[in-house]
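Chains, contacts and geometry: an overview
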Amino acid sequence: ELALKSLGSEGLFLFSSLDTNNDLYLSPEEFKPIAEKLTGVAPISEFEEEEVPDPSGETLSVVAKFQPLVMETMTKSKDGFLGISHVALSGLRNWTAPAAPMSVMLARQFKAFLPPKNKLDLGDPWWIIPSELNIFTGYLSNNRFYPPPPKGKEVIIHKLLSMFHPRPFVKTRFAPQGAVACIQAISTFYYTIAFRIHAEFQLNEPPDFPFWFSPGQFTGHIILSKDSSHIREFKLFVPNNRSLNVDMEWLYGASESSNMEVDIGYLPQMELESTGPSIPSVIHDENGNVIDSRDPSGEPIQFVFEEITWQQEIPWEVAAQKLEVAMYPFKKVSYLPFTQAFERAKAEKKLVHSILLWGALDDHKPLSACLPVPGSGRTLRETVLESSPILALLNESFISSWSLVKELEELQSNRENEFYSKLADLHLEKYNFPVEMIICLPNGTVIHHINANYFLDITSMKPEDVESSIFSFSTNFEDPSTATYLQFLKEGLQRAKPYLQT
């Protein structure tokens, strides 16, 4: 109360965003973001002080390519952003180019991507940055402006993402956090490493309120020598193959419980790519003497690199799937694209288990996870969809799929394929915000469905308080949500029997 009286609500909000341990005292470390902002000078981090550049080490040139969010893809654009202050979106609107279009980095800094000694098999994932959050730990505060200083393997990822924007958070507020990788290819001296990173950006600064910009994922690959002294190739990007690939949230008040706006949108391009292989920063002749990096005519010396012969490799799609399952255990069940799921179900004479969402199910933080409602893709994927009994039944009796409402609306209006249009129409008829779980026949007929809000409501109640007998609890499982979802799936199978037998 004394702090509120002294600072006012907005002043206390800013103070709280810096006071990371909530002791009502700002240590020099906590005050550092403000000091850097006021002085314009950023001290060298501890990691960089310890890093003694090898004078003969190689450097890698990386370029950033960025096309800003397409504002028209935001839901709020449909009513002209009515009721949304211009200030709230200022950080988003002003972000039109990468913070650093090009950067030269030490090749050795990329050693964070090398596999641990017990992860040398193709496709065997490991964590570069472990996820520290789960359904039980909750999530990190929204009320923050400045990222904590990166440590260890976080440093190179923070450095790379800072090329896009000066305030990247390498640990997201929601699970699954972190970065995961696996070996995609092996040669005598090189690895190709596939990776997936969940990170987000804070676009606003005081006195504005926080605005969080959360791409669905960053993915990519690096080809590097087994001692990380040489990098042949590096690429990192946000996938743009779905119609929506970014979540956004912004606060409207000076406290953690303040109203929050949420939206989704489409980012056409956000990628980093090496301009070529890493090259020595200092060149020596055969006698060990340092020579000029330019030939007598003034032209840069051209390096010739040997061709890499890969002894073992797996396709990119396989590596990406391994990383996805590491992040999301529920993906042990294949989730096919919408139309493909119905074709497979028809061929295998199975039912379609479909999840229809406003925000994505397998991006790092589906938008519905932050809504003031219990139902969300995040809760589903971290509880029932990961449980062994559900995984087993889905693999045995269903073809699974998840879709965005926006994608099905586009499919519904596309009259070139009447069957696909009808499938989308039947799904959208049953949809209620934010997530609908649907069981249907291969022809699209919906035989069972349940809204995530209702599902989570009844699974949080005592069994004797549940009025509906449709979702009765089983005594075989301690977890009521798993038991209830299992009952939902079995009920769908029962209802489908007359259709599947004909």
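Now for a quick tour of the structure. (Residues numbered from 1 in each chain as written. Predicted model: local features only at pLDDT ≥ 70, side-chain atom pairs only at ≥ 80, totals over all residues. Heavy atoms only, no water.)

Some details on the packing of aromatic side chains
Filter applied, for reference: Paired rings are identified among Phe, Tyr and Trp, the last through its six-membered ring, by centres lying within 6.5 Å, and are further divided according to the angle between planes into stacked (under 30 degrees), edge-to-face (over 60) and tilted (the rest). Here a helix means four or more residues in a row that DSSP labels H or I, a strand means two or more in a row labelled E, and each is numbered from the N terminus. Only protein chains enter the accessibility calculation, which uses a 1.4 Å probe; a residue is then buried when its area is under 20% of its type maximum, exposed when over 50%, and partly exposed in between. Charge-over-ring contacts are defined here by two conditions on Lys NZ or Arg CZ: a distance within 6 Å of the ring centre and an angle within 35 degrees of the ring normal.
All chains considered together, the criterion is met by 20 aromatic pairs. On the basis of an interplanar angle of 15 degrees and a centroid distance of 5.9 Å, the ring pair of Phe195 and Phe234 is categorised as stacked. Taken together, the residues Phe195 in strand β6 (residues 190-198) and Phe234 in strand β10 (residues 231-237) connect sequence positions 39 residues apart. In this structure Phe234 comes out as buried when scored by relative accessible area, which is 0%. One aromatic cluster in this structure is built from Phe66, Trp95, Phe164, Phe201, Phe213 and Phe218. Positioned over the ring face of Phe81 is Arg93, at 5.2 Å from the centre of the ring.

Some points on the packing of helix α10 (residues 405-413) against helix α11 (residues 418-430)
Selection criterion: An axis is simply a line fitted to the C-alpha atoms; with a helix, the fit covers only the stretch in contact. Between two such axes, the angle follows the N-to-C directions and lies from 0 to 180 degrees. Throughout this description, any angle smaller than 35 degrees is read as roughly parallel, any larger than 145 degrees as roughly antiparallel, any in the 65 to 115 degree range as roughly perpendicular, and the remainder as oblique. It is the rotation of the near helix from the far one that decides the hand of a crossing: anticlockwise by less than a right angle makes it left-handed, clockwise makes it right-handed. Throughout, a residue-residue contact means that at least one pair of heavy atoms, one from each residue, lies within 4.5 Å.
Across the interface, α10 lies against α11 with an axial gap of 8 Å and an inter-helix angle of 135 degrees. In terms of orientation, α10 and α11 fall into the oblique class. The way α10 lies across α11 gives a crossing that is left-handed. Taken together, the residues of α11 that come into contact with α10 (itself represented by Val405, Leu408, Glu409, Leu411 and Gln412) are Tyr420, Ser421, Ala424, Asp425, His427 and Leu428.

Thoughts on a nonpolar patch on the surface
Our working rule: Patch rule: a residue counts if its relative accessible area is over 30% and it has no salt bridge; like charges are joined within 9 Å, and nonpolar side chains (Val, Leu, Ile, Met, Phe, Trp, Tyr) within 5 Å. Exposure was quantified through the Shrake-Rupley algorithm and a 1.4 Å probe, taking into account, for residues, occlusion by the shown protein chains and nothing else. A side-chain nitrogen of Lys or Arg and a carboxyl oxygen of Asp or Glu constitute a salt bridge if their distance falls within 4 Å.
On the surface, a nonpolar cluster with roughly 210 Å² of combined accessible area is contributed by Ile279, Phe303 and Phe305. Mapped onto the elements of the fold, Phe303 is located in the loop between β16 (290-291) and β17 (312-313).

Some remarks on the sheet that holds strand β8 (residues 211-215)
Worth spelling out the cut-off: Only when DSSP finds a minimum of two bridges between them are two strands counted as paired.
Read from one edge to the other, the open sheet built from five strands follows the order β4-β7-β8-β11-β12, with strand pairing classed as antiparallel. Each edge of the open sheet is held by one strand with a lone partner, namely β4 (168-169) and β12 (260-265). The pairing of β8 with strand β11 (residues 246-251) spans five bridges and is antiparallel. When the sheet's bridge partners are listed, Pro215 is paired in β11 with Val246.

Observations regarding the side chain of His198
So the rule is basically this: We call two N or O atoms a polar contact when they sit within 3.5 Å, provided that within protein one can donate a hydrogen and the other can accept it, with sequence-adjacent residues counted only if both atoms are side-chain atoms.
As for its placement among the helices and strands, His198 is situated in strand β6. A polar atom in the side chain of His198 sits 2.7 Å from the backbone oxygen of Pro176. Side chain to side chain, His198 and Arg196 meet in a polar contact 3.1 Å long.

A short note on helix α7 (residues 338-348)
So the rule is basically this: What the arc covers is the set of directions going from the helix axis to the C-beta atoms.
Taken together, the buried positions of α7 are Phe338, Ala341, Phe342 and Ala345. An end-on view of α7 places all buried positions within 95 degrees of arc, on one side of the element. Elements that come into contact with the buried residues of α7 comprise β18 (335-336), β19 (351-357), β20 (398-404), α10, α11 and β21 (435-440). Looking one or two residues past α7, Lys349 carries a phi angle of roughly 55 degrees, positive in sign.

Points about the sheet that holds strand β22 (residues 446-451)
The mixed open sheet is built from five strands, whose spatial order is β18-β20-β19-β21-β22. Only two strands of the sheet have a single neighbouring strand rather than two, namely β18 and β22. With seven bridges connecting them, β19 and β20 associate as parallel partners. Paired with Ser354 across the strands is Ser401, a residue of β20.

Some thoughts on the nonpolar core
As a reminder, the rule being used: Throughout, nonpolar core names a set of buried Ala, Val, Leu, Ile, Met, Phe, Trp, Tyr and Cys residues whose side chains join them through atoms within 4.5 Å. Residue ranges labeled as domains rest on an automatic or database domain assignment.
Counting 61 residues, the largest nonpolar core has Ile355, Met437, Tyr485 and Leu489 as the members making the most contacts within it. A domain split of this core shows at least three residues from each of domain 1 (59-278 + 296-325) and domain 2 (329-501). Excluding its chain neighbours within four sequence positions, the residues that come into contact with Met437 are Ser354, Ile355, Leu380, His448, His449, Ile450, Ala452, Phe455, Tyr485 and Phe488. One finds Trp95, Leu160, Tyr191 and Ile222 within the second-largest nonpolar core, a separate group that totals 55 residues.

As for the packing of helix α9 (residues 388-397) against helix α13 (residues 480-500)
Using the following cut-off: When residues are grouped by polarity, Ala, Val, Leu, Ile, Met, Phe, Trp, Tyr, Cys and Pro land in nonpolar, Asp, Glu, Lys and Arg in charged, and all others, Gly among them, in polar.
Look at α9 against α13: their axes get within 10 Å of each other, and the N-to-C directions meet at 15 degrees. Classified by the interaxial angle, the pair formed by α9 and α13 is roughly parallel. The two elements α9 and α13 meet at a crossing, and its hand is left-handed. Residues Pro389, Ile390, Leu393, Leu394 and Ser397 of α9 touch α13, and the partners they reach there are Thr482, Tyr485, Leu486, Leu489, Lys490 and Leu493. Grouping the constituent residues of the contact of α9 with α13 by class yields eight nonpolar, two polar and one charged.

A look at the environment of Glu233
Relative to the elements of secondary structure, Glu233 occurs in strand β10. Classification of Glu233 by relative accessible area gives partly exposed; the value is 34%. Sequence separation between Glu233 and His221 is twelve residues; the distance between their C-alpha atoms is 7.9 Å. Here the side chain of Glu233 touches His221 through a polar contact of 2.7 Å, side chain to side chain.

Keep in mind that these numbers describe shape and distance, not what the molecule does.
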